[in-house]
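Fold and contact review
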Amino acid sequence: MKISEIQTILNAELICGADLLESEVFTACGSDMMSDVLAFVKEQAVLLSGLVNPQVIRTAEMMDMKCIVFVRGKKPSMDMIDLATERDIVLLRSDLEMFTACGLLYKHGLKGGSGI
Amino acid sequence: MEAIKLHYDVSGNDFTCAGEASGKIKRELKGLGFPNDIVRNVAIAVYEGEINMVIHAGGGVIDVEITPECISLDLIDEGPGIPDVSLAMKEGFSTAPENVRQLGFGAGMGLPNIKKYTDEMIIDTEVGVGTTIHLKVYIK
Ligand SMILES: Nc1ncnc2c1ncn2[C@@H]1O[C@H](COP(=O)(O)OP(=O)(O)O)[C@@H](O)[C@H]1O
Ligand SMILES: [Mg+2]
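The notes below deal with the structure included here. (Residues numbered from 1 in each chain as written. Chains lettered and ligands numbered in written order. Predicted model: local features only at pLDDT ≥ 70, side-chain atom pairs only at ≥ 80, totals over all residues. Heavy atoms only, no water.)

1. Comments concerning the environment of serine 94 of chain B
Residue and element names in this part refer to chain B. Keep this limit in mind: Helix and strand assignments come from DSSP, with helices taken as H or I runs of at least 4 residues and strands as E runs of at least 2, each series counted from the N terminus. Each residue's exposure class comes from its accessible area (1.4 Å probe, protein chains only) as a fraction of the maximum for that residue type: buried when under 20%, exposed when over 50%, partly exposed otherwise. Whether two residues touch is decided by their heavy atoms; if any such pair falls within 4.5 Å, the residues are in contact. In protein, a polar contact means a hydrogen-donor-capable atom and an acceptor-capable atom, both N or O and within 3.5 Å, with residues adjacent in sequence counting only if both atoms are side-chain atoms; elsewhere, any N or O pair within 3.5 Å suffices.
Of note, serine 94 is situated in the loop between α3 (85-88) and α4 (98-101). In this structure serine 94 comes out as partly exposed when scored by relative accessible area, which is 23%. Along the chain, serine 94 and isoleucine 38 lie 56 residues apart, while their C-alpha atoms are 27 Å from each other. In contact with serine 94, other than residues within four places in its own chain, are Arg101, Gly106, Ala107 and Gly108. A polar atom in the side chain of serine 94 sits 3.4 Å from the backbone oxygen of glycine 106.

The following block contains the structure:
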């Protein structure tokens, strides 16, 4: 799935990374606990989170993730946007809640990272 | 090739900066051409260690030594020390306060994650003196 399709499916606002919207991603994970995200490396490319602080960007950076979706309409700060831009990470923002956002992406073919 | 040595200071009073050193180390290793999975494993381990330094120990320093065979990292702090290391290593054990949990950490997964992503992990710690975590990742 292209990141641009994620944007469409989640009716999300693009915050930064317009030049990377055509990148392909295959897996995602959703969590507000960054240590849980860091515990399972399976080439997840997309992180959905309701948490908004710079550590969400750092976590994605360490994991080589390409895209972060902030759910429940959460707005990242300017610092976070700058950091994500520097690290080539696309930021999206959706009003959907976590469960619904994950469900929609799963239904459209994006898989969880554990290979299940 | 001679070993490359790098040194980073980790500030203890700014959670928003936590991870800066780890990001630099990651980019350094990438630049040196190490395989992606090795770079990522080191990055995750050192990031969890850096977060711990900030939330539990008031900051510290990270020393890195890189050779073609092995990446060694020493994470050194002068924090409160860890009274019971085997307990601290248990998944889910955490003394992190609620405000840290609200920031997405404090799940008690940091030390287990560090162990998982490295080939060697030795914790030297003394209550009231500090903690040094020695890590090694071998390049196969
Ligand atoms: N550098 C450190 N200095 C003092 N205590 C530490 C340090 N690192 C870890 N600890 C202790 O070990 C516990 C477990 O660490 P960790 O697995 O990273 O979980 P968390 O950081 O989520 O609490 C911490 O809650 C803390 O009590
Ligand atoms: Mg920790």
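2. Focus on helix α3 (residues 54-62) of chain A
Residue and element names in this part refer to chain A. The buried count for α3 comes to nine of nine residues, which makes it a mostly enclosed element. Buried residues of α3: Pro54, Gln55, Val56, Ile57, Arg58, Thr59, Ala60, Glu61 and Met62, and no others. The distance from a side-chain oxygen at the start of α3 to the backbone nitrogen of glutamine 55 is 2.7 Å, and the residue carrying that oxygen is asparagine 53. Immediately beyond the C-terminal end of α3, within one or two residues, lies aspartate 64, with a positive phi of roughly 60°.

3. Quick word on the site of ligand 1
All names here are of chain B. Stated formally: The rule for a residue being near a molecule or strand is that one of its heavy atoms must lie within 4 Å of it. The Shrake-Rupley method, run with a 1.4 Å probe, gives the accessible areas here. Residue values count only the displayed protein chains as cover. Using a 1 Å grid laid over the protein atoms alone, points where a 1.4 Å probe fits but cannot get out form a cavity; open sets with protein on both sides within 12 Å along at least 5 of 7 lines form a pocket; any residue with an atom within 4 Å of a point counts as lining. Here the criterion for a molecule occupying a pocket or cavity is that more than half of its atoms lie within 2 Å of the pocket grid points. Polar here means any residue other than Ala, Val, Leu, Ile, Met, Phe, Trp, Tyr, Cys and Pro, which are nonpolar, and Asp, Glu, Lys and Arg, which are charged; Gly is therefore polar.
In the neighbourhood of ligand 1, 20 residues make up the surrounding shell, with His56, Ser94, Thr95, Gly108 and Leu111 lying closest. Alanine 107 places a main-chain nitrogen or oxygen 3.2 Å from an oxygen atom of ligand 1. A distance of 3.2 Å separates an oxygen atom of ligand 1 from a polar atom in the backbone of glycine 110. Calculation on ligand 1 without its partners gives an accessible area of 530 Å², and the protein chains cover 95% of this total. Mapping ligand 1 onto the cavity grids shows that it belongs to the largest pocket. Contributions of two or more residues to the shell around ligand 1 are made by α2 (36-57) and α5 (110-117). Ranked by residues supplied to the shell around ligand 1, first place goes to α2 with four residues. Its residues assigned to classes, the shell around ligand 1 shows ten nonpolar, nine polar and one charged.

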